[in-house]
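# Results of the structural survey
Spelled out from the first residue to the last, the chains are:
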Amino acid sequence: MYKIFMVFGALFVLASCQEDEGFIETPEVILSGGETTIFSTGPDAFTFPLANLEQDGLDRHFEADAIFGQQFVSAPAIKFGGIGPLFNQNSCESCHTRNGRGAIPQFEGDQSSGLLLRLSIPGTGLHNGIVPAPGFGGQLQNKAIFGVASEGKISKSEVDKIVQYVDGVEIVLSKPTYSIIEPYMALPAELMISPRVAPPVHGLGLLEAISDMDILALADETDANGDGISGKPNMVWDVLKQGMEIGRFGWKAEQPTAAQQAADAAHNDMGLTNFFFPNNPCEGQENCEEGLQDENDVDEETINLFAFYSQTLAVPSQRNTDQPEVINGRKIFNSINCSSCHVPEFTTGAHEITALVNQKIAPFTDMLLHDMGEGLADNRPTFSANGQEWRTSPLWGIGLTQVVNPKATFLHDGRAKTIEEAILWHGGEAEASKEQFRKLKKSDREDLLAFLKSL
Ligand code: HEC
Ligand code: HEC
């Protein structure tokens, strides 16, 4: 498999270096994940292991693949038990559809989507983190095992907003507001709710392998260079190191490592206690007395496998890099400053998985938090992130989002049905960039979108 991929890689580079009369530009980056890049463009594009993974790694990856798709059940069960008492879904894959995004609720009352609600009340908690909502914790679990009351149900309402391009074309954007209905007890006063849809999980090992130094070099908290764009790391609690580290994963970069992210997902989304988080998330709640036991629901190896899976999932190569519209779109992407946050290029540093080390990658993120304005605000601070800040989303693979899951949408709460809508929601530090997009002539607008679809 490895050899075939490498031959493909060589062809790609050759093809894109041909110089037609019309253009002489050589696209700068084709192999989005360096030597780890794969070349699938279909619905399974996010399901391949790193192209350069050795046999041992491949074996482990496929073992991890099975467990990522495994549906867990409630205890007592001989294998894959321990879900709940409260949970959101019974497998990782049920939210991260084909390792891509989950869908938002498809109809009023849909409780089985890839969207969840993070909860807290005002104040600063342990290690500068959130203060969990009394009776509900840090996340609404909208499902429960037999005989236990779930915490409540997710409900949504929407308000439309119209945006106009300079050529008169109008786009209707819908802003969702999520709330909790049928709570098992009264909701606490001043409850803060942050809706989050399941993001894709490919390429996380490469993002983990970007050095702290490279991320910090891009931070500009006080906007010293005066470009209107600041950018700061989220400093979050690292459970294993027992200290603050740069947050990398999740829409607000709340988790420092793939392992802690996986452990948190197992814990909060599925109610699987583990060595990172040995206490059940609903402990102490009156609906949570059943089914608690002393032992962790899953062992250390299971958590490490969950982590290894996203660490070793490959990113697909950029496509159509020789098309004039893609080439022009890339220029526009740079010229209207999308690239100041969606940083095109990094070289990875050290990582325990050697396939990830020293790769020239094109993730289109700076891994930093940016104020995105009131339109996108969740008004729920967490660690160093305030209520308007979000981590720059990596754009690699974004063009395949709806090939992988036709129901997938964009942005942290999945409010944008298209990439175009996602851009139009940009505000705050990205306001100037968004306005330049809104003022582009139609063909340039389309070229920019063609570029994004090539990623
Ligand atoms: C109920 C739906 C749901 C389930 C089940 C679920 N996730 Fe997630 N996952 C999410 C959401 C939502 C986020 C974003 C969280 C945030 O922003 O804080 C996320 C984030 C992630 C990320 C970070 C991705 C990134 O780009 O930063 C990883 C990795 C991940 N989940 C792995 C897992 C694993 C492993 C499991 C199973 C143990 C799992 N998830 C189960 C919804 C889910
Ligand atoms: C100030 C930094 C910044 C700038 C400038 C910026 N973005 Fe973003 N972008 C972000 C952040 C942060 C998010 C995540 C917002 C959210 O989910 O609420 C995002 C999200 C996106 C998404 C959706 C990603 C996803 O996974 O759903 C797309 C597409 C996108 N940006 C494209 C662009 C384009 C094109 C431009 C230039 C017109 C641009 N961005 C300029 C920071 C920026």
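Above: the structure in question.
From a predicted model like this one, the values you see are computed outputs, not experimental measurements. (Residues numbered from 1 in each chain as written. Chains lettered and ligands numbered in written order. Predicted model: local features only at pLDDT ≥ 70, side-chain atom pairs only at ≥ 80, totals over all residues. Heavy atoms only, no water.)

### Some details on the overall build of the protein
- Helix and strand content of the protein: 12 helices and 12 strands.
- Its C-alpha atoms give the protein principal-axis dimensions of roughly 70 × 50 × 40 Å.
- Contacts in the protein between residues at least 24 apart in sequence constitute 67% of all its contacts with a sequence separation of at least 6.
- For the protein, the accessible surface area stands at approximately 19,300 Å², while carbon and sulfur atoms represent 54% of it.
- The averaged location of the 62 negative side-chain charges in the protein is 6 Å from the averaged location of its 32 positive side-chain charges. (Helix = DSSP H or I, 4+ residues; strand = E, 2+ residues; numbered from the N terminus. Contact = heavy atoms within 4.5 Å. Areas by Shrake-Rupley, 256 points an atom, 1.4 Å probe, with all protein chains shown as cover. Lys, Arg positive; Asp, Glu negative; His and termini not counted. Charge placed at Lys NZ, Arg CZ, Asp CG, Glu CD.)

### Let's talk about the environment of W251
- Note that W251 resides in the loop between β8 (243-246) and α5 (258-270).
- Along the primary structure W251 and M372 are separated by 121 residues, whereas in three dimensions their C-alpha atoms are 12 Å apart.
- Leaving out residues up to four positions away in the same chain, W251 has contacts with R101, R196, V197, P199, W390, R391, S393, L411 and H412.
- From its side chain, W251 meets the backbone oxygen of V197 in a polar contact 2.7 Å long. (Polar contact = N/O pair within 3.5 Å; in protein donor to acceptor, adjacent residues only side chain to side chain.)

### Here we look at the site of ligand 1
- Near ligand 1, the surroundings consist of 28 residues, among which C92, C95, H96, R196 and G250 are the closest.
- Here an oxygen atom of ligand 1 sits 2.8 Å away from a polar atom, N or O, in the side chain of R118.
- A per-element tally of the shell around ligand 1 places α5 first, with 5 residues.
- Here the residues of the shell around ligand 1 are counted per class, giving 16 nonpolar, 7 polar and 5 charged. (Near = heavy atom within 4 Å. Nonpolar A, V, L, I, M, F, W, Y, C, P; charged D, E, K, R; others polar.)

### Looking at the coordination of the iron atom of ligand 2
- Protein-derived ligands of the iron atom of ligand 2 are H342 (NE2) and H426 (NE2), with the metal-ligand distances lying across 2.0 Å.
- Given 6 donor atoms and angles of 87 to 180 degrees at the metal, the environment of the iron atom of ligand 2 is assigned as octahedral. A residue pair is termed long-range when its members are at least 10 positions apart, and H342 in the loop between α8 (338-341) and β9 (346-347) and H426 in the loop between α10 (419-424) and α11 (431-438) qualify at 84 residues.
- A residue is classified by how much of its surface remains accessible, and H342, at 12% relative accessible area, is buried.
- Looking at H426, the relative accessible area reads 18%, which means it is buried. (Donors = N, O, S within 2.8 Å, 3.2 Å for Na, K, Ca; no water. Tetrahedral: all angles 85-135°; square planar, octahedral: opposite > 155°, others 65-115°. Buried < 20%, exposed > 50% of the residue type's maximum accessible area, 1.4 Å probe, protein only.)

### What to know about unusual backbone geometry
- Between A75 and P76 the backbone carries a cis peptide bond, its omega angle lying at -5 degrees.
- For P76, the position within the fold is in the loop between α2 (55-69) and β1 (86-87).
- That bond from G84 to P85 is cis: its omega, 10 degrees, falls within 30 degrees of zero.
- Look at N99: it is not a glycine, yet its phi comes out positive at around 70 degrees.
- Tracing the chain through its elements places N99 in the loop between β1 and β2 (115-120).
- For N99, a relative accessible area of 1% translates into the label buried.
- Phi at A253 is positive, roughly 55 degrees, even though this residue is not glycine.
- Here A253 is to be found in the loop between β8 and α5.
- You can call A253 buried: its relative accessible area is 0%.

### Some words on the site of ligand 2
- Residues in close proximity to ligand 2 total 28 residues, the closest being C338, C341, H342, H412 and H426.
- Between an oxygen atom of ligand 2 and a side-chain N or O atom of R101, the distance comes to 2.8 Å.
- A distance of 2.8 Å separates an oxygen atom of ligand 2 from a polar atom in the backbone of L411.
- Elements supplying a minimum of two residues to the shell around ligand 2: α8, β12 (389-391) and α10.
- Ranked by the residues each element gives to the shell around ligand 2, the list is headed by α10, at 3 residues.
- Here the shell around ligand 2 is built from residues that sort into 17 nonpolar, 8 polar and 3 charged.

### Observations concerning the nonpolar core
- Core analysis: the biggest nonpolar cluster contains 46 residues, and L117, F333, F437, L448 and L452 have the highest contact counts within it.
- Of all the secondary-structure elements, those providing two or more residues to this core are β2, β4 (153-164), β5 (170-181), α7 (324-335), α10 and α12 (442-454). (Core = buried A, V, L, I, M, F, W, Y, C linked by side-chain atoms within 4.5 Å.)

### As for the packing of α7 against α12
- Direction vectors running N to C along α7 and α12 enclose 100 degrees, while the axes themselves pass 7 Å from each other. By the angle between their axes, α7 is roughly perpendicular relative to α12. For the pair α7 and α12, the contacting residues are E325, V326, N328, G329, R330, I332 and F333 in the first and D444, D447, L448, A450, F451, L452 and S454 in the second.
- Residue composition of the contact of α7 with α12, by class: 7 nonpolar, 3 polar and 4 charged. (Axes fitted to C-alpha atoms, helices over the stretch in contact; angles between N-to-C directions. Parallel < 35°, antiparallel > 145°, perpendicular 65-115°, else oblique.)

That is the geometry; function is a separate question.
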